[in-house]
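Residues per chain, in single letters:
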Amino acid sequence: MEHLMIELSKYLMIFLFACYTFTCFHALNGKKSQRRLKRILRKQAKLIFLIHLNAFAVIFAVQKTVNVWIAYVMQAALLGCILIIYKYIYKRASGLVVNNMCMLLAIGFVILYRLHPDKAVRQYEIAVAAVVITMIIPFFIHKLHFLDRLTWLYAVVGIALLAAVAVLGSVSYGAKLSFQVAGIAIQPSEFVKILFVFFTASMFAKSTQFSQVCKATMVAAVHVLVLVVSKDLGAALIFFITYLVMLYVATRNPFYFISGLVSGSAASVLAYQLFRHVRVRVTAWKDPLSVINDEGYQVCQSLFAIGTGGWFGMGLYQGMPNKIPIVEEDFVFAAVSEELGGIFAVCLIMVCASCYLMFLNIAMQMHDQFYKLIALGLGTVYGFQVFLTVGGVTKFIPSTGVTLPLVSYGGSSLLSTFIIFAVIQGLYILREDGEEFDERLDS
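Residues numbered from 1 in each chain as written. Predicted model: local features only at pLDDT ≥ 70, side-chain atom pairs only at ≥ 80, totals over all residues. Heavy atoms only, no water.

What about the packing of aromatic side chains?
Argument step 1. Tallied over the full model, the rule gives 24 aromatic pairs.
Argument step 2. With 5.4 Å between their ring centres and 55 degrees between their planes, phenylalanine 56 and tyrosine 113 make a pair best called tilted. With phenylalanine 56 in helix H2 (residues 34–63) and tyrosine 113 in helix H4 (residues 95–115), this residue pair connects regions lying 57 residues apart in the sequence.
Argument step 3. Residue classification places phenylalanine 56 among the buried positions, given a relative accessible area of 0%.
Argument step 4. Its relative accessible area of 4% is what places tyrosine 113 among the buried residues.
Argument step 5. An aromatic cluster of at least three residues, connected via ring pairs, comprises Phe56, Phe60, Trp69, Tyr72 and Tyr113.
Argument step 6. Its end group placed over the ring of tyrosine 317, arginine 114 keeps NZ or CZ at 4.8 Å from the ring centre. (Phe/Tyr/Trp six-rings, centres within 6.5 Å; stacked < 30°, edge-to-face > 60°. Helix = DSSP H or I, 4+ residues; strand = E, 2+ residues; numbered from the N terminus. Buried < 20%, exposed > 50% of the residue type's maximum accessible area, 1.4 Å probe, protein only. Lys NZ or Arg CZ within 6 Å of the ring centre and 35° of its normal.)

Side note on the confidence of the model for the protein
Argument step 1. Here the protein shows a mean pLDDT of 89. Residues at 70 or above account for 93%.
Argument step 2. The low-confidence segment residues 436–443 (pLDDT under 50) makes 16 contacts with residues lying over four places distant or belonging to another chain. (pLDDT = per-residue confidence, 0-100. Contact = heavy atoms within 4.5 Å.)

Considerations on unusual backbone geometry
Across residues other than glycine, the phi torsion is negative in most instances, and most of the peptide bonds are trans.
Argument step 1. Of note, the phi angle at lysine 231 is positive, near 65 degrees, even though the residue is not glycine.
Argument step 2. Looking at the secondary structure, you find lysine 231 in the loop between helix H9 (210–229) and helix H10 (233–251).
Argument step 3. Relative accessible area serves as the criterion here: at 36%, lysine 231 is assigned to the partly exposed category.
Argument step 4. One non-glycine residue, lysine 395, lies in positive phi territory at about 65 degrees.
Argument step 5. Summarising the element assignment, lysine 395 is placed in the loop between helix H16 (369–393) and helix H17 (411–433).

Below, the structure written as structure tokens:
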């Protein structure tokens, strides 16, 4: 009976998530009336709770403890609070962005509770704190009109935090990623990437002259070099690509973009020569089976999991995702693929893509260059991080050790992603009010 329930549940979840994914792109069509759009968003909200309930019904059938339903109620209450807050406090917020955030968060809760219930509870606690902290951000973005004047503050604070990690940080998987504050591990690069976007947007909003580009490039290079010294090459790559995209869009100069790609390629070769853990990851990417007992073990287990799951998955608790080292962080996409199936995993990627497209849509429709570049930069950070995670898990690119936003376990990653979504909501509200250009002129 239990096995039958798991089988039926996985097909139902795939169907519901496919419906949700379809509505994401259906809602992106700007020709719809507000009434029709609200109907689509309500349907999405129902699908979120149905998928979440379906998954926890299976988890209860397997674990048979009342703690499962306690966790479910608390998680569902949090998701409901997020939807209600954005509906009634920020009435002009993007319903699609809110729904996608809740859907990705719900999937993260489900897969983490299946893998490690204790870590799922910890993730829930961090999510509650993140909601409380970030709910005020759209208001600040909407009301504060001097953010573009804090250019060098963004740079100094960001570099100082990264330098603190390089000096005081603890080594994890060959890199200095975090340090302890009151017993809590904090990964500053997750937050500095947001400050970095604000710095770059502020610089290029003022001017795109060659001298200004040189100043911005030097500061960006310092950020990247400090990360390289810390051996946090995944974050360094995100910073580099984000800066390159923002530079090209701001200046429209292909020379800068081509020069950046050439210099980035040269830096990658140099990193391969200098850092052993980079060579290890490249070796695991090129031929993981030849080093399956050593460097390639994690990648091989990930590929086995994805292949075993096929299109429809094994069903919750029917796979062996815990065989993948640190599966709940860097390789959570493989766990999703194994137990929920390839179709579900593709839909997950498509939902992330719809978030990215929404970010770009907001960027294109902002009048003010500063806000436009912020939306573009944060969208690039989010989209490229998803690409790095999924690409590393599927052996499309070497693994970079970054998390899948809102789905993977990790407090700093979760909070920083909430901040990114909150800033985007603030920009969207500005756009909807149609006042950001006039107010900034007056200020």
